[in-house]
Amino acid sequence: GNSVTQMEGPVTLSEEAFLTINCTYTATGYPSLFWYVQYPGEGLQLLLKATKADDKGSNKGFEATYRKETTSFHLEKGSVQVSDSAVYFCALFVSNMLTFGGGTRLMVKP
Amino acid sequence: DTGVSQDPRHKITKRGQNVTFRCDPISEHNRLYWYRQTLGQGPEFLTYFQNEAQLEKSRLLSDRFSAERPKGSFSTLEIQRTEQGDSAMYLCASSSGLAGPPDTQYFGPGTRLTVL
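Reference entry: report on the structure contained in this document. (Residues numbered from 1 in each chain as written. Chains lettered and ligands numbered in written order. Predicted model: local features only at pLDDT ≥ 70, side-chain atom pairs only at ≥ 80, totals over all residues. Heavy atoms only, no water.)

Across its full length, chain B holds zero helices and 11 strands. Moving toward the C terminus, one meets the helices and strands of chain B in the order β-β-β-β-β-β-β-β-β-β-β. Whereas a compact globule of 116 residues would reach a radius of gyration of roughly 13 Å, chain B reaches 14 Å, a difference of no more than 12%. Taken over the C-alpha atoms alone, chain B extends approximately 40 × 25 × 25 Å along its principal axes. A burial count over chain B gives 48% of its 116 residues as buried. Taking the contacts inside chain B whose residues are at least 6 apart along the sequence as the reference set, 53% of them involve residues at least 24 apart. For chain B, the computed accessible surface area is about 6,000 Å², with 44% contributed by carbon and sulfur atoms. Charge centroids of chain B, computed over 14 positive and 13 negative side chains, lie 7 Å from each other. (Helix = DSSP H or I, 4+ residues; strand = E, 2+ residues; numbered from the N terminus. Rg over C-alpha atoms; globule rule 2.2 N^0.38 Å. Buried < 20%, exposed > 50% of the residue type's maximum accessible area, 1.4 Å probe, protein only. Contact = heavy atoms within 4.5 Å. Areas by Shrake-Rupley, 256 points an atom, 1.4 Å probe, with all protein chains shown as cover. Lys, Arg positive; Asp, Glu negative; His and termini not counted. Charge placed at Lys NZ, Arg CZ, Asp CG, Glu CD.)

In structure tokens form, the structure reads like this:
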């Protein structure tokens, strides 16, 4: 079956620190990969996506590269801000559905 | 574009009662999805519509759950004989279907169900 595993949180960083949130997946077929973000009190929003191997998705300073050989899609940002505090979900899309990981809470302190 | 809307935002019910939730997708989006999210977990897929046709249904969806999208616009999700284990956030998402999969799914704010 399809599954997504992401690092457990919470991840606590100081402002301007480097962020990595690990995500690995298992899938049948050729999935597309996504990162969604959920800010406090808000709904899920697409952060970035990649549709095939070696594609890099990027948005708002966040990046993730689709690595087929390691079945990974790690999220990175060079300098986090307090406003990045949220829960981040890695997900794969195959067979007309999204399969999500458990989410990683990021807390950024000033 | 007013986004995906869901109604109600919160529902408290007693065990054994039936509940119905409504989702209004983004106008002209022909794909509609329902997910369920429990506290501290990621959303789990429940079902998928393309226009009015229900094309996918998760094995997680027991016979007490039914979803419809009668005119290919809004959708309803009904839970019969609710159980405490049904307490969760129910999320609706829609996508245009124009770009081919995997076009972006836009999520609504969710309906939080509490079963007492």
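This part takes up the interface of chain A and chain B. On the side of chain B, 17 residues touch chain A, which itself brings 18 residues to the contact. When chain A packs against chain B, the two sides together hide about 1,400 Å² of surface, and 60% of this comes from carbon and sulfur. Interface area lost by chain A to chain B is led by L44, F93 and N96 of chain A, which between them contribute 33%. Between chain A and chain B we count zero salt bridges in total. Applying the counting rule to chain A against chain B returns three residue pairs in polar contact (both at pLDDT 80 or more). Here the side of chain A that touches chain B takes four residues from strand β5 (residues 32-38) of chain A, the largest share from any one element. Tallied by class, the residues present in the side of chain A that touches chain B amount to nine nonpolar, eight polar and one charged. (Buried area = accessible area lost by both parts, 1.4 Å probe. Salt bridge = Lys/Arg side-chain N within 4 Å of Asp/Glu carboxyl O. Polar contact = N/O pair within 3.5 Å; in protein donor to acceptor, adjacent residues only side chain to side chain. Nonpolar A, V, L, I, M, F, W, Y, C, P; charged D, E, K, R; others polar.)

This part covers the layout of surface pockets. Reported here for the largest pocket is a volume of approximately 560 Å³. In terms of residue class, the lining of the largest pocket is built from 10 nonpolar, 13 polar and four charged. By volume, the second largest pocket is sized at about 440 Å³. In terms of lining, the second largest pocket is formed by 19 residues, of which the most central are T99 of chain A together with E44, F45, S58 and L60 of chain B. Secondary structure elements with two or more residues in the lining of the second largest pocket: β11 (97-100) of chain A together with β5 (44-50) and β6 (53-57) of chain B. In terms of residue count, the dominant contributor to the lining of the second largest pocket is β11 of chain A (four residues). Of the residues in the lining of the second largest pocket, the class split is six nonpolar, nine polar and four charged. (1 Å grid on protein atoms, 1.4 Å probe; cavity = no way out; pocket = protein on both sides within 12 Å on 5 of 7 lines; lining within 4 Å. Points joined across faces, edges and corners; volume = space filled by probe spheres on them.)

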